[in-house]
Amino acid sequence: MDEERKSFTEQDLLDGKRGSFSDFCRRHNITVGGSIKFTLKALIFLFVATVYALLFWRMMTARVPAEVKRYLWTEEALALYQTSPDDFAVYKHGNGTRIVDDCGITMENGSRAMVDGSFTLEEVLYAESAKEIQFTVRYNNSTVKYLTEAYRLASAPEGEPFIYMLTDDQGKRYTEYVYAPFSKAMYNYRRILFKDVDLTDLTDLTLEIYYIGDVNPATAPYCTIPVYVADTPIRDFPEKGKYMTYTAYETFASAADPTQTEVKEYTEYILFPLEDYSLSRSIADTPYGDFRTPPSYLVKGN
């Protein structure tokens, strides 16, 4: 068979003899229908393999890098830990990823123009004695592209396109922060840390994201994400633990006499809003984070 194939390819095909290819197919029982079926099967296999490869690639690139999942130290926090390690505690708030895609621009007439793109927030860690809260914000390159189009910019912003602020349920705004940047494939990660944040009496902490060229706290930000949400302030818990209890009452009509009411007493549980976070590996891996200060920007409305 090798000699026949060699004879065909070197002599018949190259010399261009008529009927050589059809004779070759007859000798080896190759039909047109069989060739088409083989080609279709090969194309289907290649298509399926390509889809699975793309899905696997997206899944791997979407995974949060280890650098932005662990606790990053500031020099101040590390000094507190080294002075009194038993009194230094870090807590984690919530599990999973928070995604927001309702970004938009506040127009001059006060209306809101929605913009495509999204942000995610995860890995919220709070160092109680240091009064520091840190978390990871992720956005992809298309988010910057949509922002560029929405603001009708000639090109994408150079450097950091976004400015971050925190607001709490008592009306306080936090503007001083540092960040550690990371990137992976089309994703951009910012490990953001705010100092002087005391969660003791707070039940709500929200991240405000602004385009660096349009920072105006008097109007709605470009995007907002909840960072910390608690049913009740930490101060109300009798002691740090998994939950607190209180007695609740439910009033309903009596089954024996609908004109009368009965009261049912039961116990309600509220989970402690923070979970213990282990620092052992983080201390060994990163003595302190490579934090940067945000670029300067102008605040409108001042």
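These numbers come from a predicted model, not from an experiment.

Here is what the cut-offs are and how they apply
Residues numbered from 1 in each chain as written. Predicted model: local features only at pLDDT ≥ 70, side-chain atom pairs only at ≥ 80, totals over all residues. Heavy atoms only, no water. Helix = DSSP H or I, 4+ residues; strand = E, 2+ residues; numbered from the N terminus. Buried < 20%, exposed > 50% of the residue type's maximum accessible area, 1.4 Å probe, protein only. Contact = heavy atoms within 4.5 Å. Areas by Shrake-Rupley, 256 points an atom, 1.4 Å probe, with all protein chains shown as cover. Salt bridge = Lys/Arg side-chain N within 4 Å of Asp/Glu carboxyl O. Core = buried A, V, L, I, M, F, W, Y, C linked by side-chain atoms within 4.5 Å. Patch = residues over 30% accessible without salt bridge, like charges linked within 9 Å, V, L, I, M, F, W, Y side chains within 5 Å. pLDDT = per-residue confidence, 0-100. Pairing = 2+ DSSP bridges. Phe/Tyr/Trp six-rings, centres within 6.5 Å; stacked < 30°, edge-to-face > 60°. Polar contact = N/O pair within 3.5 Å; in protein donor to acceptor, adjacent residues only side chain to side chain. Lys, Arg positive; Asp, Glu negative; His and termini not counted. Charge placed at Lys NZ, Arg CZ, Asp CG, Glu CD.

Asks: Whenever I open this one, the overall build of the protein chain confuses me. Can you help?
Replies: In terms of regular secondary structure, the protein chain is built from six helices and 15 strands. Taking all 302 residues of the protein chain together, 37% fall into the buried category. Nonlocal contacts in the protein chain, meaning residues at least 24 apart in sequence, comprise 65% of its contacts between residues at least 6 apart. Summed over all atoms, the accessible surface of the protein chain reaches about 18,700 Å², with 52% contributed by carbon and sulfur.

Asks: Just to check I follow, could you spell out the pattern of salt bridges for this structure?
Replies: Pairing of side chains with opposite charge becomes possible as their charged atoms draw close. Within the structure shown, the criterion is met by five salt bridges. One salt bridge connects Lys 195 with Glu 76, and the closest N-O pair in it is separated by 3.3 Å. One end of the pair, Lys 195, is in strand β10 (residues 187–195); the other, Glu 76, is in helix α4 (residues 75–83), and 119 residues separate them in sequence. Here Lys 195 falls in the partly exposed class, since its relative accessible area comes to 33%.

Asks: Which parts of the structure should I look at to understand the nonpolar core?
Replies: As a rule of thumb, soluble globular proteins bury nonpolar side chains together. With 47 residues, the main nonpolar core has Phe 119, Phe 135, Tyr 164, Phe 194 and Leu 207 as its most contacted residues. Those elements that provide at least two residues to this core are β5 (119–127), β6 (132–140), α5 (141–150), β7 (162–168), β9 (177–184), β10, β11 (204–211) and β12 (223–229). Formed by 11 residues, the second largest nonpolar core is a distinct cluster that contains Tyr 71, Ala 77, Phe 88 and Leu 279.

Asks: Hey, could you run me through a nonpolar patch on the surface in this one?
Replies: On the surface, Ile 36, Leu 40, Leu 43, Phe 45 and Leu 46 cluster together into a nonpolar patch covering about 530 Å² of accessible area. Secondary-structure assignment places Leu 40 in helix α3 (residues 32–62). Take Leu 40: its relative accessible area is 48%, and that puts it in the partly exposed class.

Asks: I keep staring at unusual backbone geometry and nothing clicks. Help me out?
Replies: When glycine is set aside, most residues are seen to have a negative phi, and most peptide bonds are trans. For Glu 123, which is not glycine, the phi torsion reads 55° and is therefore positive. Accessibility expressed as a relative area gives 14% for Glu 123, which makes it buried.

Asks: What's the story with the confidence of the model for the protein chain in this structure? I'm lost.
Replies: Any segment with low pLDDT has predicted coordinates that should not be analysed in fine detail. Taken residue by residue, the protein chain gives an average pLDDT of 82. The fraction at 70 or more is 79%. The secondary structure element of the protein chain with the lowest average pLDDT is helix α1 (residues 2–15), at 49, and the one with the highest is β7, at 97. Here residues 4–8 is modelled with pLDDT under 50, and outside its nearest four sequence neighbours on either side it reaches eight contacts, counting other chains as well. Ignoring residues within four places in sequence, the model shows residues 12–16, a span with pLDDT below 50, making six contacts including any to other chains.

Asks: Help me understand the sheet that holds β7 in this model?
Replies: Two strands in a sheet stick together by hydrogen bonds in their backbones, pointing the same way (parallel) or opposite ways (antiparallel). Pairing in this open sheet of four strands is antiparallel, and the strands run β8-β7-β11-β12 from one edge to the other. The two strands at the open ends of the sheet, each matched to only one other strand, are β8 (173–174) and β12. Pairing of β11 with β12, which is carried by six bridges, proceeds in the antiparallel orientation. The residue bridging Asp 204 from the neighbouring strand is Val 229, located in β12.

Asks: Hey, could you run me through the packing of aromatic side chains in this one?
Replies: Aromatic rings in a pair are described by how distant their centres are and how their planes are angled relative to each other. For the structure on display, the rule yields 15 aromatic pairs. Between Tyr 91 and Phe 272, the ring centres sit 6.4 Å apart and the planes meet at 70°, which makes this aromatic pair edge-to-face. Placement of Tyr 91 in strand β1 (residues 90–93) and of Phe 272 in the loop between β14 (261–271) and β15 (275–276) is noted, with a sequence separation of 181 residues between them. Note on Tyr 91: relative accessible area 8%, which makes it buried. Judged by its relative accessible area of 9%, Phe 272 is buried. Centre to centre, the rings of Tyr 164 and Tyr 177 are 5.9 Å apart; their planes meet at 85°, and the pair counts as edge-to-face. Linking Tyr 164 in strand β7 with Tyr 177 in strand β9, this pair joins segments that are 13 residues apart in sequence.

Asks: Just checking my understanding: could you explain the side chain of Asn 140 for this structure?
Replies: Turning to its location among the elements, Asn 140 is positioned in strand β6. Engagement of the side chain of Asn 140 in a polar contact is seen with the side chain of Ser 142, the distance being 2.5 Å. Each residue touching Asn 140, except ones within four places of it in the same chain, is listed here: Met 186, Tyr 187 and Asn 188.

Asks: Mind showing me how you'd approach a negative patch on the surface here?
Replies: Residues Asp 101, Asp 102, Asp 116 and Glu 149 make up a contiguous surface patch of negative charge. Of note, Asp 101 is situated in the loop between β2 (98–100) and β3 (104–106). Given the relative accessible area of 58%, Asp 101 is considered exposed.

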